[in-house]
Amino acid sequence: MGLFGICVIILLIFAFRHLQEQNVERNVSIPFKDSLRAIKNNWPWIILVTANLLVWVNISVRQSTVIYYAKYVLDDESITPIFNGILTALPMLANLSMAFVVRFTHKFGAMILGAVLIAVGHFGISVVGTNLPLLFAFWAIVSFGHGLMCAMPFCMLADTVDYGEYVNGVRAAGFLTAIGSALCIKAGSGIGGFIPTMIMGHYGYVANTQQTAESIFGIQLSFIWVPIILSAMIVVIMLFYAKFEAQEGKVVAELKQRALTDIKSKALDSGASAS
């Protein structure tokens, strides 16, 4: 954790020194009631937030049940750190490869690819049993998909801010981004931790005892099938995003034109005042 902390400090300083906001003059404080207007008819934002909420439910379900799957289904609790190590390393590789992936899949396609990889990986885990090499291989597939699905919404929220300004004339960047990221993470993590508890409790799970066939099924349902179902839902939702992503060039061009018109208008007003 100390090493991670040092790396984070260096990277944040680097980002702070080298990133520039290009719309400083447009990012003014907006009252809450006006920020709400940015949601109206902002369908790409609604779609993305819904998908991102399910992404974090998916992540939380997987992370909260992996230890139970290893301990009671695979009968080898010692491999849990290996699972967690893969789930830490592979998402980093996915993050680094996002630009390459998006070039071929587009942004909505990268989200869908991540969901498909997670579903395929979990299904593979359910099939290979205790074959550790194949088990870790399928978990690596899950982890790469995890990295794509986790990171892509942060890249896409800015586009939904543009669309909100395009349709409503309100640029509520802070409001839309906060709900689309922080709220989804918190709510999704909470829901994702709650779902396995209910499922495993329903099937009779009792900690640190010999599990029944029913409780084993509850663990498998939570770890394997809930993430697959959630991933399928994300795929369906993100298919609706495609047509809005296709409009991004038009939206950006229109916003630039509006900005130029506004600058010219202010210049004329300034000249008239000076006269």
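Scroll up a little and you will see the structure.
Residues numbered from 1 in each chain as written. Predicted model: local features only at pLDDT ≥ 70, side-chain atom pairs only at ≥ 80, totals over all residues. Heavy atoms only, no water.

A. The overall build of the protein chain, seen in detail. Within the protein chain, the regular secondary structure consists of ten helices and zero strands. Each principal axis of the C-alpha distribution contributes one length, and for the protein chain these read about 90 × 40 × 35 Å. The proportion of buried residues among the 275 residues of the protein chain is 41%. Working note: accessible area of the protein chain is about 15100 Å², and carbon and sulfur atoms make up 69% of it. Taken together, the 17 basic and 15 acidic charged side chains of the protein chain have centroids lying 7 Å from each other. (Helix = DSSP H or I, 4+ residues; strand = E, 2+ residues; numbered from the N terminus. Buried < 20%, exposed > 50% of the residue type's maximum accessible area, 1.4 Å probe, protein only. Areas by Shrake-Rupley, 256 points an atom, 1.4 Å probe, with all protein chains shown as cover. Lys, Arg positive; Asp, Glu negative; His and termini not counted. Charge placed at Lys NZ, Arg CZ, Asp CG, Glu CD.)

B. Expanded view of a nonpolar patch on the surface. Together, Phe 123, Val 127, Trp 225, Ile 229 and Met 233 give the surface a local cluster of nonpolar side chains, amounting to about 490 Å² of exposed area. For the nonpolar patch, the secondary structure elements donating two or more residues are α5 (98–128) and α8 (213–239). Ranked by the residues each element gives to the nonpolar patch, the list is headed by α8, at three residues. Within the secondary structure, Ile 229 is located in helix α8. (Patch = residues over 30% accessible without salt bridge, like charges linked within 9 Å, V, L, I, M, F, W, Y side chains within 5 Å. Salt bridge = Lys/Arg side-chain N within 4 Å of Asp/Glu carboxyl O.)

C. Structural detail: empty space enclosed by the protein. The final tally for this structure, using the stated rule, is one cavity of 30 Å³ or more. A volume near 70 Å³ is recorded for the largest cavity. When residues of the lining of the largest cavity are traced back to their parent elements, those giving at least two are α6 (132–168) and α10 (248–274). No other element matches α6, which puts four residues into the lining of the largest cavity. When the residues that make up the lining of the largest cavity are grouped by side-chain class, the tally is six nonpolar, one polar and three charged. (1 Å grid on protein atoms, 1.4 Å probe; cavity = no way out; pocket = protein on both sides within 12 Å on 5 of 7 lines; lining within 4 Å. Points joined across faces, edges and corners; volume = space filled by probe spheres on them. Nonpolar A, V, L, I, M, F, W, Y, C, P; charged D, E, K, R; others polar.)

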